[in-house]
Amino acid sequence: MSCLKILFSANFVASGNFIIMVEEIEVRCEQCAIRKFNALRAMSKEELKRVSDSKSTKIVKKGESIFKEGEKLNGVFCIRDGVAKLSKLSSNGKDQIVKLATKGHLLGQRSVISEESANLSATAVSTTQVCFIPKEGIMNTLHTNPNFAVEVLRHMAHDLKEADDVIINMSHKSVKQRVAEAFLYMKNSFGVDNEGFLNVSLSREEIANIVGTATESCIRIISEFKKEKFIKTAGKKIAIIDEIALLDLMNK
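Residues numbered from 1 in each chain as written. Predicted model: local features only at pLDDT ≥ 70, side-chain atom pairs only at ≥ 80, totals over all residues. Heavy atoms only, no water.

The protein appears in an unreviewed UniProt entry as Transcriptional regulator, Crp/Fnr family from Cellulophaga algicola.

### What about the overall build of the protein?
Along the protein, the regular secondary structure elements total eight helices and twelve strands. Here the protein, with 252 residues, has 48% of them falling under the buried criterion. Within the structure as shown, the protein displays about 12700 Å² of accessible surface, and the carbon and sulfur contribution to it stands at 54%. (Helix = DSSP H or I, 4+ residues; strand = E, 2+ residues; numbered from the N terminus. Buried < 20%, exposed > 50% of the residue type's maximum accessible area, 1.4 Å probe, protein only. Areas by Shrake-Rupley, 256 points an atom, 1.4 Å probe, with all protein chains shown as cover.)

### Considerations on the pattern of salt bridges
Applying the stated rule across the entire model yields 14 salt bridges. Among the ionic pairs, K49 bridges to E46, the shortest N-O distance being 3.7 Å. A residue pair is termed a helical-turn pair when its members lie 3 or 4 positions apart in one helix, as K49 and E46 do in helix α1 (residues 45–54) at three residues. For K49, a relative accessible area of 28% puts it in the partly exposed group. The closest approach of N and O atoms between K173 and E181, which form a salt bridge, is 3.4 Å. Through salt bridges that share partners, R28, E30 and D53 make up one connected network. (Salt bridge = Lys/Arg side-chain N within 4 Å of Asp/Glu carboxyl O.)

### Quick notes on the sheet that holds strand β3 (residues 56–60)
Here we have four strands laid out as an open sheet, ordered β3-β10-β5-β8, and antiparallel in their pairing. Across the chains shown, the open sheet's two edge strands, defined by having one partner strand only, are β3 and β8 (106–107). With two bridges connecting them, strand β5 (residues 75–81) and β8 associate as antiparallel partners. In the sheet register, C78 faces β8, and the bridge partner there is L106. Here helix α3 (residues 135–144) sits on the sheet in contact with β5 and β10 (128–134), set at roughly 60 degrees to β10. (Pairing = 2+ DSSP bridges. Contact = heavy atoms within 4.5 Å. Axes fitted to C-alpha atoms, helices over the stretch in contact; angles between N-to-C directions.)

### A word on the nonpolar core
Ranked by size, the top nonpolar core spans 38 residues in total, and within it L40, I66, F67, L107, I138 and F148 carry the most contacts. Listed in part, the 31 residues of the second largest apolar core include V83, A182, Y185 and F230. (Core = buried A, V, L, I, M, F, W, Y, C linked by side-chain atoms within 4.5 Å.)

### Things to note about the packing of helix α5 (residues 175–190) against helix α8 (residues 243–250)
For the pair α5 and α8, the least separation of the axes is 8 Å and the interaxial angle reads 135 degrees. Classed by the angle they form, the pair α5 and α8 counts as oblique. Seen along the crossing, α5 lies across α8 with a hand that is left-handed. Contact residues: α5 offers K176, Q177, A180, E181, F183, L184 and K187, while α8 offers E243, L246, L247, L249 and M250. (Parallel < 35°, antiparallel > 145°, perpendicular 65-115°, else oblique. Left-handed = near helix turned anticlockwise from the far one by under 90°.)

### Concerning the environment of G70
By secondary structure assignment, the location of G70 is in the loop between β4 (65–67) and β5. Among the residues examined, G70 registers a relative accessible area of 47% and is labelled partly exposed. Between the alpha carbons of G70 and N119 there is a distance of 6.2 Å; along the sequence they are 49 residues apart. Excluding its chain neighbours within four sequence positions, the residues that come into contact with G70 are S117 and A118.

Structure follows, in structure tokens:
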């Protein structure tokens, strides 16, 4: 949204204040195609080897935390497969979902570089495989590889632009427009399955938290979209039937 190996072993991954036992399915960084989607593509083969020697891989089940807001991160997380939501807890205790992150996204890099606690929480929306890269591997390369530093800055600038767009959408678009945009964003970002349903399955509350409205309002708008045959649903699953209608509504 504008807003929105094959080696098997048991390891322990340290992230902030918690330690998780991991059964790894590890792929070497220098052989991993996922890095092409993030700043790691600017690392040399030797740098990637060093990162790969220090990283760990873990599986995070749906609903489990990758890291929490306020946590001190000892490294960054690269999503290898699955989907995670990045959210901010508001003063009234409500989660505002800032972004949905999928394969290739690096999580926590801003906090690691700024040496500040995590500003957002990251939670698995589906079973998600993440690689944990210790801080030293990132910071050492930042100091010695200008191309990597530029790539990191470019990705952080993109994240800031997305944050700006979220603010604009919240203030200038109606809730109905934001729901339409959320569905189109999910289709474009995650695709659809063989039956045409979105490949990412979110609860009505999570959709409401993306667009910044009450769950009841989100449920009502989804019902309206169904009556108008813009979408169809099956439980949590949603399929877009009339993409043009949603586009027209979003751009009104």
